[in-house]
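Residue-level structural notes
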Amino acid sequence: MKEIALIGCGFVADLYMKSLEAFPQIKVAAAYDRDPERLKAFCAHWNVASCSTLEELLDPGPESRLILNLTNPASHFEISHSCLDAGFHVYSEKPLAMTMDDARALYALAENKNVMLASAPCNFLSETAQTLGHAIRHDMSGVPRLIYAELDDDFIPQAPYKQWISESGAPWPYEDEFNVGCTLEHAGYYLTWLIAIFGPIRTVVAASAEVLPDKTGDGAMAPDYSTAVLYFHSGMVARLTCSIAAPHNHGLQVITDRGVLEVPAAWNNSAPVKFRRRFTLRRRLVNHPFARRIRLAGPTHPKVKRTGAAAMNFALGPAEMLEALEQGRACRLSPDFALHLNEVTLAIQNAGETTGAQIMTTTCEKPEPMPWAT
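Quick notes on the rules
Residues numbered from 1 in each chain as written. Predicted model: local features only at pLDDT ≥ 70, side-chain atom pairs only at ≥ 80, totals over all residues. Heavy atoms only, no water. Helix = DSSP H or I, 4+ residues; strand = E, 2+ residues; numbered from the N terminus. Rg over C-alpha atoms; globule rule 2.2 N^0.38 Å. Buried < 20%, exposed > 50% of the residue type's maximum accessible area, 1.4 Å probe, protein only. Contact = heavy atoms within 4.5 Å. 1 Å grid on protein atoms, 1.4 Å probe; cavity = no way out; pocket = protein on both sides within 12 Å on 5 of 7 lines; lining within 4 Å. Points joined across faces, edges and corners; volume = space filled by probe spheres on them. Nonpolar A, V, L, I, M, F, W, Y, C, P; charged D, E, K, R; others polar. Pairing = 2+ DSSP bridges. Axes fitted to C-alpha atoms, helices over the stretch in contact; angles between N-to-C directions. Polar contact = N/O pair within 3.5 Å; in protein donor to acceptor, adjacent residues only side chain to side chain. Phe/Tyr/Trp six-rings, centres within 6.5 Å; stacked < 30°, edge-to-face > 60°. Lys NZ or Arg CZ within 6 Å of the ring centre and 35° of its normal. Core = buried A, V, L, I, M, F, W, Y, C linked by side-chain atoms within 4.5 Å.

1. A look at the overall build of the chain
Broken down by element type, the chain carries 11 helices and 15 strands. The C-alpha atoms of the chain give a radius of gyration of 20 Å, which matches the 21 Å a tight globule of 374 residues would have. When the 374 residues of the chain are sorted by exposure, 56% land in the buried category. In the chain, 70% of the contacts between residues at least 6 apart in sequence involve partners at least 24 apart.

Laid out in structure tokens, this is it:
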């Protein structure tokens, strides 16, 4: 039995617990939260042992557990640092850290301690993302030339978000979400796909703004809109947009020299990947009205039912780390991958109005495809 321990018992922790039900070989050994009442409610709902302090959770020693850091973003660095320093492998919710100085410090500590460090999101390991990568590697659609990716969530400040409650009773952390910003919270859902398929990003040209000020009555917060043009070392170019103002659109299009690869949703592990062929008809250029769905040949990974806005298996990342440890191989969620993702995301988030082009100082290898998607 593989064991993990969980730190932070808020809204997202319930999504992990639902996802972990799809992996009976993984046991949640213990949980800790700084809020005793939240910890009590969570552990009672999921029948998980509770620890009253962080020290108690870390006491069994690093050989027995992988730590999931599911705390709020402002606490990611402190908690991950404590766990890494104690010799534990760590999987952190996004972002890895709120600054690159902190992210690099975690990276260096993990290297010094010879432990794994990874960060969410892990949906590039999903059936949909892996199918897209398979189609591109096997030239099913022609040479990719340009990518459009959207992560717009509609006019969230007018949504009934104070009524969004998790299965064990935790409220959606809207103050954290608004203070951290939709770019740090969401950009990774497509950035990880693009980096995994096309490799590291060389240059980011971005702009960001807060177009919905005073969302909670506490004054200015993080940008709630951003757009970026991403230049990859491989030569690929992509445009990525995030907002909590524009109408809901989580679509991705890979424009190729023969047509368009389409994905309708980033938050659905089973979303279809389709190819729309381009052709000429009576002297006009036409995209075919009927797209062909691309499928992988065999079974992929455990799926979870839709919860709220997502049908994502949040446990794919921790499961990959545990499997890599068991098999003594490199993990597809490498520290280099996490650090590069953090730098690109912060570059977009912090671009503002006048930053302009930013050259990335980090890089990473493309992770190997999942064995069922080669």
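Now that the structure has been shown, the text picks up again.
2. Here we look at helix H6 (residues 127-137)
Judged by how many residues are buried, H6 sits mostly within the fold: 10 of 11 residues are covered. All of the buried residues in H6 are Glu127, Thr128, Ala129, Gln130, Thr131, Leu132, Gly133, His134, Ala135 and Ile136. Here the buried face of H6 lies against strand S6 (144-152), helix H9 (188-198), strand S10 (252-256), strand S11 (259-263), strand S12 (273-281) and strand S14 (292-294). Positive phi appears at Asp139, one or two residues downstream of H6, with a value of about 55°.

3. What about the layout of surface pockets?
A volume near 250 Å³ is recorded for the second largest pocket. Lining the second largest pocket are 16 residues, with Phe23, Ala319, Glu320, Glu323 and Met370 sitting closest to its centre. A class-by-class count of the residues in the lining of the second largest pocket yields 10 nonpolar, 3 polar and 3 charged.

4. Some points on the sheet that holds strand S4 (residues 89-92)
Reading across the sheet, the 5 strands line up as S2-S1-S3-S4-S5 and stay open at both edges, with parallel pairing between neighbours. A strand with exactly one partner marks an edge of an open sheet, and here the two such strands are strand S2 (26-32) and strand S5 (117-119). Put simply, the sheet's adjacent strands are angled 25° from each other on average, direction ignored. Examined bridge by bridge, strand S1 (residues 2-7) and S2 share 6 bridges and lie parallel to one another. Opposite Ile4, over in S2, you have Val28 as the bridge partner.

5. Details of the side chain of Asn342
You can see Asn342 is positioned in helix H11 (residues 335-349). In this structure Asn342 comes out as buried when scored by relative accessible area, which is 4%. For Asn342, the side chain forms a polar contact with the main-chain nitrogen of Leu96, separated by 3.1 Å. Apart from residues lying up to four places away in sequence, Asn342 is in contact with Pro95, Leu96, Ala97, Thr99, Met100 and Ala103.

6. Here's the deal with the packing of aromatic side chains
Tallied over the entire structure, the rule returns 13 aromatic pairs. Taking the centre distance of 6.1 Å and the plane angle of 80° together, the rings of Trp172 and Phe178 count as edge-to-face. Phe178 shares its class with Trp172; the two are buried. Taken together, a centroid distance of 5.0 Å and an interplanar angle of 90° make the contact between Tyr190 and Trp193 edge-to-face. Taken together, the residues span about one helical turn, with Tyr190 and Trp193 both in helix H9 at a distance of 3 residues. Residue class for Trp193 comes out buried when judged on its relative accessible area of 1%. Cation over ring: Arg239 sits above Tyr148, and NZ or CZ is 4.0 Å from the ring centre.

7. With respect to the nonpolar core
Looking at soluble globular proteins, one finds that nonpolar side chains tend to be buried together. In terms of nonpolar packing, the biggest core is built from 95 residues, with Leu132, Val204, Leu230 and Leu240 touching the most fellow members. Counting residues per element, this core draws most heavily on H9, at 9 residues. Beyond its immediate stretch of four places on either side in the chain, Leu132 contacts Trp193, Ile197, Leu252, Val254, Leu261, Val263 and Val273. Counting 28 residues, the second-largest nonpolar core is a separate cluster that includes Ile79, Ala97, Val180 and Leu346.

8. A look at unusual backbone geometry
Here the bond from Lys94 into Pro95 is cis, since omega is -10°, no more than 30 degrees from zero. With omega at 0°, the peptide bond leading from Ala120 into Pro121 counts as cis. Looking at where Pro121 falls in the secondary structure, it is placed in the loop between S5 and H6. The residue Asp214 is not glycine, and still its phi comes out positive at about 55°. Residue Asp214 is classed as partly exposed on the basis of its relative accessible area of 42%. In the Ramachandran plot, Arg282 falls in the positive-phi region, its phi being about 50° despite a non-glycine side chain. Along the chain, the position of Arg282 falls in the loop between S12 and strand S13 (284-287).

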